[in-house]
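# Working through the structure, step by step
Take a look at the letters that make up each chain.
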Amino acid sequence: MADHSEEACRRVDGGISRVFELFGKRWTGPIVSVLLQRPVHFAELRRAIPGISERMLSDRLTELGAAGLVIREVDEGPPLRVAYRLTEAGTAMEPALKELGQWADTYLAPESGSGC
């Protein structure tokens, strides 16, 4: 039987907490959004996300890799280049992210100067 006590009803869902612990960080959503389109080299990814620093991009990619959502692939070159792509788990986020984007388009005011 389901627990409908006041305490149980106030508890936050564990899955939601884990998702937003990762996706609630600035830049994570845009990084995954770009990688949903195709694998991308580090420099391309940085250019695709205006305002992100190399250090922040590197940190977020490391976090996404540790979470099992992104794979780092080294092309020995020359020149040596590093590309990133989503894992199966990362790609599985696409329907949820599209739904969130549609929700934002419907219910959130557009950012001023976003150009989109």
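In this numbering scheme, every chain counts its residues from 1 along its sequence in written order. Two thresholds apply to this predicted model, a pLDDT of at least 70 for residue-level local features and 80 or more for giving and counting side-chain atom pairs, whereas whole-chain, interface and lining totals are computed over all residues. To obtain the side-chain values, all non-hydrogen atoms of the structure were included, while hydrogens and water were left out.

The name given to the protein chain in an unreviewed UniProt entry is Transcriptional regulator, HxlR family, with the source organism recorded as Streptomyces globisporus.

Let us now look at the pairing of strand β3 (residues 81-86). As a general feature of sheets, a regular strand has side chains that alternate between the two faces. Paired strands, as defined in this entry, are two strands with at least two bridges between them according to DSSP. For helices the rule is a DSSP run of H or I covering at least 4 residues; for strands it is a run of E covering at least 2, with both sets numbered from the N terminus onward. Taken together, the two bridges between strand β1 (residues 40-41) and β3 define a ladder with antiparallel strand orientation. Bridge pairing links H41 to A83 in β3. Bridge count for strand β2 (residues 70-75) against β3 is six bridges, and the pairing is antiparallel. Paired with V70 across the two strands is L86, which belongs to β3. Between β2 and β3, which pair antiparallel one after the other, the connecting turn spans five residues, and G77 there sits at a positive phi close to 75°.

A separate point is the sheet that holds β3. Strand order in the open sheet formed by three strands is β1-β3-β2, and the pairing between neighbours is antiparallel. Each end of this open sheet is capped by a strand with a single partner; those strands are β1 and β2. The strands touched by helix α3 (residues 28-37) are β1, β2 and β3; relative to β3, the strand with the most contacts, the crossing angle is about 90°. In this description, contact between two residues means that some pair of their heavy atoms is separated by no more than 4.5 Å. In this description, a line fitted to the C-alpha atoms serves as the axis of each element, helices being fitted only across the stretch in contact, and the angle between N-to-C directions of two axes falls anywhere from 0 to 180 degrees.

Attention shifts here to the side chain of T87. Locating T87 in the fold gives a position in the loop between β3 and α6 (88-91). For T87, the contacting residues outside a window of four places in its chain are G68, L69, V70 and I71.

Our next topic: the packing of α3 against helix α5 (residues 54-66). The contact between α3 and α5 brings their axes to 10 Å, and the two run at 75°. On the basis of the axis angle, α3 is roughly perpendicular to α5. Across from T28, I31, V32 and L35 in α3, the residues of α5 making contact are L57, R60, L61 and L64. In this classification, Asp, Glu, Lys and Arg are treated as charged, Ala, Val, Leu, Ile, Met, Phe, Trp, Tyr, Cys and Pro as nonpolar, and every other residue, Gly included, as polar. Residues that form the contact of α3 with α5 fall into these classes: six nonpolar, one polar and one charged. For classification purposes, angles smaller than 35 degrees are called roughly parallel, those larger than 145 roughly antiparallel, those between 65 and 115 roughly perpendicular, and all remaining angles oblique.

Okay, the pattern of salt bridges next. In the sections that follow, a salt bridge refers to a side-chain nitrogen of Lys or Arg positioned within 4 Å of a carboxyl oxygen of Asp or Glu. Tallying each qualifying case throughout the model produces seven salt bridges. Two residues, D59 and R55, come together in a salt bridge whose shortest N-O distance is 3.2 Å. Residue D59 and its partner R55 are located together in helix α5, separated by four residues, close to a single helical turn. Relative accessibility decides the category of a residue: with a 1.4 Å probe and only protein chains considered, values under 20% of the type maximum give buried, values over 50% give exposed, and everything between is partly exposed. Judged by its relative accessible area of 28%, D59 is partly exposed.

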